[in-house]
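Chains, contacts and geometry: an overview
If you want the building blocks of each chain, they are given just below.
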Amino acid sequence: MASEQSDPTAPYDNFEGDVGRIFSTSTPQWPKPPTAAAGAPNVLVMLVDDLGYSDIGCYGAEIETPNIDQLADEGIRYANFHVNSMCSPTRASMLTGLNHHMAGVGHVAHFDPGFPGYAMELRENAVTMAELLRGHGWATYMVGKWHLCKDSNLSEAGPRHSWPLQKGFERYYGILDGFTNFHQPHRLYEDNHAVDVDEYPEDYYFTDDLTERAVAMIRNGRASHPDKPWFMYFSHGAVHAPLQAKRDDIEKYRGVYEQGWDAVRESRFERQKLMGLLAHDTVLPPRNTEERHAVKAWDELSDTEKALFARYQEIFAGMVDNVDQNFGRLRAALEEMGEWENTIVVFTSDNGGSREGEENGTSAYFRTLLAQARASELDDVSVDYARLDDMGGPQTLPHYPMGWAMVSSTPFRLYKINTHQGGHQVPFIVSWAKGLGAVGGSIRPQYQHITDLMPTLCSMLEIEMPTEKNGIAAPEPAGASFVTSFADERADSTHSEQYYEMVGHRGFYRDGWSAVTCHQPRTSFREESWQLHNLVDDPTETVDLAKQHPGRLESLIDGWESAAWQNQVFPLDEGNRVKALYRPPWADDIVVPVKIFPGTATVERYRCLQLILFRSFEIDIALEYQNGDEGTLFAHGDQGGGYGAYVVDGRLKFVFNAYGTMHECDCGEMANGTKSIHISVDSPGDGIWNITVSVDDVERGELNGVPVLMAMAPFQGIDVGIDRKSPVSWRLRELYGTFAYTGSLDSVTFTPGEYAPDAGPLWLDMLASAGTKYE
């Protein structure tokens with residue numbers, strides 16, 4: 001007999017009876033959300049960018065960092081803590097507990113060569129710290145630098161699978177890129193979208209902004225729930241280049257560095273010994289002398305060089321000081337909310353001092369990155385010295401010389417990127433007022449690595465390390481908890497072995513011994529000389545014991561080889577930059593003409609760069625000009641490099657910013673009724689562009705022989721009808737602000753052309769073939 005079916009269109013006449021019957025025969029069931037144990041602590045992990053071992057007061061610096069020093073006095077300093085020697089790799093290891101190649105991030109996230117160790121995004125079956133804590137009931141927040149997704153995925157088109165919110169964070173504010181202008185950030189993101197900004201307030205400073213956002217996230221979360229614990233990953237953009245600081249913070253250090261890097265390094269070293277970070281018989285190595293890494297004696301510099309180089313370090317000190325000030329503000333806010341006592345605080349850095357300013361430093365960061373990539377005549381101390389008074393503000397993008405990076409990594413050899421100790425030994429402080437007991441001011445000597453942080457936090461929070469993600473087995477963690485050393489300074493290190501690799505530099509640590517290389521580009525790996533150091537007796541690598549202990553050296557080299565195969569390290573980068581040039585075939589999908597309309601938000605910088613990188617290109621401006629119209633037609637770039645077209649007092653101006661050096665082409669008066677402007681950029685090779693400007697098919701101006709913009713410049717994307725954020729021309733910004741166009745502007749079309757004859761992508765096969773001889 002068929003069951004009776006009710007008519008769904010009939011009136012529901014017995015509503016109350018049916019509801020009563022439903023609830024009388026059913027028990028409500030609610031899935032319980034993840035809930036942390038009662039009284040579970042909050043977690044604050046603060047990662048500073050490019051902060052060397054000696055750059056804060058409690059690790060020997062003359063820079064004033066009273067708030068961080070107080071944290072060290074209340075907690076534990078680790079004197080022998082290590083990271084990976086580059087920013088993205090350290091972040092990957094910190095968030096996953098995996099070695100960086102195994103996590104998929106063997107280098108900075110600006111390449112996509114197609115190898116699993118260099119995917120430049122976190123592997124899908126890696127469980128992040130945020131995902132783990134969110135799954136156990138913590139609210140998860142992040143502010144600052146992410147730098148863990150491919151630059152090809154940074155635009156509004158996505159994909160967003162490697163953005164912070166897709167990796168376990170519930171709130172995010174900061175930059176997805178590796179760095180930014182601290183006064184006028186090129187592209188801020190909030191949660192899953194870019195933040196539209198036309199112009200920043202004059203007193204804007206990125207580090208201050210991050211602190212305000214972090215406090216707001218925590219306050220809002222606590223107002224919404226009385227005791228849910230939170231995890232805050234505070235990932236500073238400071239103190240990465242460009243070196244920019246607030247004027248008062250810079251002036252505080254005026255004159256401090258006139259004594260030079262040799263004297264400052266010696267002073268920091270002596271303080272480190274007095275503090276107990278180093279044994280009293282530790283030897284300070286001579287200045288770095290390795291090829292491509294050498295530092296001049298301060299006394300050998302000219303007066304101009306001394307004045308300029310001292311100013312760079314004054315700005316850097318101001319940035320560090322500001323990080324400390326903001327840490328103090330964050331702590332004060334947490335104390336006011338009653339959150340501080342039960343918050344685990346971790347403070348560390350992502351690598352050693354940055355050598356990206358090369359021998360002489362720079363007032364134009366992208367210019368120096370270009371010089372690393374190819375021979376350049378753009379570096380000029382006199383040009384930088386002429387900009388001395390602008391240093392630290394929004395008009396310049398400075399970075400200090402390697403001499404100050406050497407000081408930053410005191411007492412160790414070499415720098416960020418290198419696999420000697422100076423590249424990866426960093427400050428590390430852990431504090432927890434409620435949970436660590438009477439350990440305030442302690443120093444621990446145990447060798448530990450950034451991959452140990454996640455299991456250590458799991459031990460402190462009494463949760464298990466993850467073994468799978470979405471039913472798929474997770475990779476084995478590379479680190480182990482070191483909580484035993486919190487209370488016992490004699491506890492054994494829980495990290496007995498660690499490999500290192502960065503752009504061909506290699507290193508391997510085992511039980512107090514280290515084998516290490518300093519790779520020279522385009523030289524044979526097999527013929528490379530390894531050094532051997534007993535780090536227990538010689539923590540600063542001053543004595544090479546390779547000849548005395550060949551068997552031990554061979555064992556460590558074999559250990560490196562085995563770890564490299566286990567962790568997806570190959571292929572190595574022999575110095576031909578092939579891995580930087582390889583891109584997937586679909587990368588060319590966006591290398592097509594694009595029409596951009598007024599009112600469009602600033603187009604993302606990587607997407608824009610593909611229209612002009614290594615190639616010729618055309619720009620077509622469609623408008624209906626009427627007398628009196630003025631403003632920005634388009635602008636691509638910022639104070640670090642760019643170009644744009646403007647109508648000023650009835651005249652067409654084409655402006656080219658060559659890494660801070662300005663060129664302006666006056667293209668004459670605009671005739672009433674003008675409908676089109678055409679800009680042709682020819683790239684004949686040898687690092688130059690020849691530019692021609694035509695108005696209604698009549699040539700009106702040209703700029704020949706200007707340097708090509710590359711090495712990430714222009715770092716700010718294309719604007720149409722306005723020049724937002726950091727301007728291409730500071731002169732025009734001062735006169736007219738963002739200079740929105742007042743007339744009828746239809747669109748601006750960019751059309752990418754042919755590669756320059758010497759463009760790297762045209763020579764990939766040759767470069768890859770040439771690299772085989774360096775195996």
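Everything numeric in this text was worked out from a predicted model, so none of it was measured.

Cut-off values and rules
- Residues numbered from 1 in each chain as written.
- Predicted model: local features only at pLDDT ≥ 70, side-chain atom pairs only at ≥ 80, totals over all residues.
- Heavy atoms only, no water.
- 1 Å grid on protein atoms, 1.4 Å probe; cavity = no way out; pocket = protein on both sides within 12 Å on 5 of 7 lines; lining within 4 Å.
- Points joined across faces, edges and corners; volume = space filled by probe spheres on them.
- Nonpolar A, V, L, I, M, F, W, Y, C, P; charged D, E, K, R; others polar.
- Axes fitted to C-alpha atoms, helices over the stretch in contact; angles between N-to-C directions.
- Helix = DSSP H or I, 4+ residues; strand = E, 2+ residues; numbered from the N terminus.
- Parallel < 35°, antiparallel > 145°, perpendicular 65-115°, else oblique.
- Contact = heavy atoms within 4.5 Å.
- Phe/Tyr/Trp six-rings, centres within 6.5 Å; stacked < 30°, edge-to-face > 60°.
- Buried < 20%, exposed > 50% of the residue type's maximum accessible area, 1.4 Å probe, protein only.
- Pairing = 2+ DSSP bridges.
- Expected span 1.5 Å × (residues − 1).

1. Thoughts on empty space enclosed by the protein
Counted by the stated rule, this structure contains four cavities of 30 Å³ or more. The calculated volume of the largest cavity comes to roughly 80 Å³. Every residue lining the largest cavity is listed: Thr 96, Leu 98, Ala 126, Val 127, Met 454, Met 465, Pro 466, Ala 474, Pro 475, Glu 476 and Pro 477. By residue class, the composition of the lining of the largest cavity is nine nonpolar, one polar and one charged.

2. Let's talk about the packing of helix 2 (residues 66–74) against helix 9 (residues 303–337)
For the pair helix 2 and helix 9, the least separation of the axes is 7 Å and the interaxial angle reads 60°. One element, helix 2, and the other, helix 9, form an angle in the oblique class. Across from Pro 66, Asn 67, Ile 68, Gln 70, Leu 71 and Glu 74 in helix 2, the residues of helix 9 making contact are Asp 324, Gln 325, Phe 327, Gly 328 and Arg 331. Tallied by class, residues from the contact of helix 2 with helix 9 come to four nonpolar, four polar and three charged.

3. Points about the packing of aromatic side chains
Between two aromatic rings, the relevant description is the distance of the centres plus the angle of the planes. Counting across every chain of the model gives 38 aromatic pairs. A ring pair is formed by Phe 428 and Phe 482, whose centres lie 5.9 Å apart and whose planes are at 65°; its orientation type is edge-to-face. Remark: Phe 482 occurs in the loop between strand 13 (472–473) and helix 15 (484–487) and Phe 428 occurs in strand 9 (residues 425–431); sequence separation between them is 54 residues. Note on Phe 482: relative accessible area 1%, which makes it buried. Between Phe 617 and Trp 689, the aromatic rings sit 5.4 Å apart at their centres with planes inclined by 75°, giving edge-to-face as the arrangement. Residue Phe 617 is found in strand 19 (residues 615–624), and its partner Trp 689 is found in strand 25 (residues 688–695); the two are separated by 72 residues along the sequence.

4. Section: unusual backbone geometry
With an omega dihedral of 5°, the bond running from Ala 238 to Val 239 counts as a cis peptide bond. Among the secondary structure elements, Val 239 is positioned in the loop between strand 7 (230–235) and helix 7 (247–251). Following Ala 241, the chain continues into Pro 242 via a peptide bond in cis, with omega recorded as 5°. Tracing the backbone through its elements, the reader meets Pro 242 in the loop between strand 7 and helix 7. A positive phi is found at Asp 649, a non-glycine position, where the angle reads about 50°. Along the chain, Asp 649 falls in the loop between strand 21 (641–648) and strand 22 (651–658). On the basis of relative accessible area, Asp 649 is assigned to the exposed category, the value being 62%. Phi at Met 712 takes a positive value of approximately 85°, unusual for a residue other than glycine. Structurally, Met 712 is set in the loop between strand 26 (698–707) and strand 27 (718–720).

5. A closer look at the pairing of strand 22
The buried count for strand 22 comes to seven of eight residues, which makes it a mostly enclosed element. Direction of pairing for strand 21 relative to strand 22: antiparallel, over a ladder of seven bridges. Counterpart to Tyr 643 in the pairing with strand 22 is Phe 656. Hairpin geometry of strand 21 and strand 22 is characterised by an intervening segment of two residues between the two adjacent antiparallel strands and by a positive phi of about 50° at Asp 649. Here strand 22 runs beside strand 23 (residues 661–669); their pairing, made up of seven bridges, is antiparallel. Following the sheet pairing, Phe 654 is matched in strand 23 by Cys 665. Taking the residues between adjacent antiparallel strands as the criterion, strand 22 and strand 23 are bridged by two residues, where Tyr 659 takes a positive phi near 55°.

6. A few points about the sheet that holds strand 17 (residues 531–534)
One open sheet accounts for four strands, arranged 14-15-16-17; its pairing is antiparallel. Strand pairing shows two members of the sheet lacking a second neighbour, strand 14 (497–502) and strand 17, which therefore form its edges. Direction aside, the axes of adjacent strands within the sheet are offset by 15° on average. Strands in contact with helix 16 (residues 550–566) are strand 14, strand 15 (505–510), strand 16 (513–516) and strand 17; relative to strand 15, the strand with the most contacts, it is inclined by about 110°.

7. Observations concerning helix 6 (residues 206–224)
Over its 19 residues, helix 6 extends 27 Å from the first C-alpha to the last, a length consistent with the 27 Å expected when each residue adds 1.5 Å. Looking only at helix 6, the buried set comprises Phe 206, Thr 207, Asp 208, Asp 209, Leu 210, Thr 211, Ala 214, Val 215, Met 217, Ile 218, Gly 221 and Arg 222. Tucked inside the fold, the buried residues of helix 6 contact strand 1 (42–48), strand 3 (139–145), strand 4 (171–175), strand 7 and helix 9.

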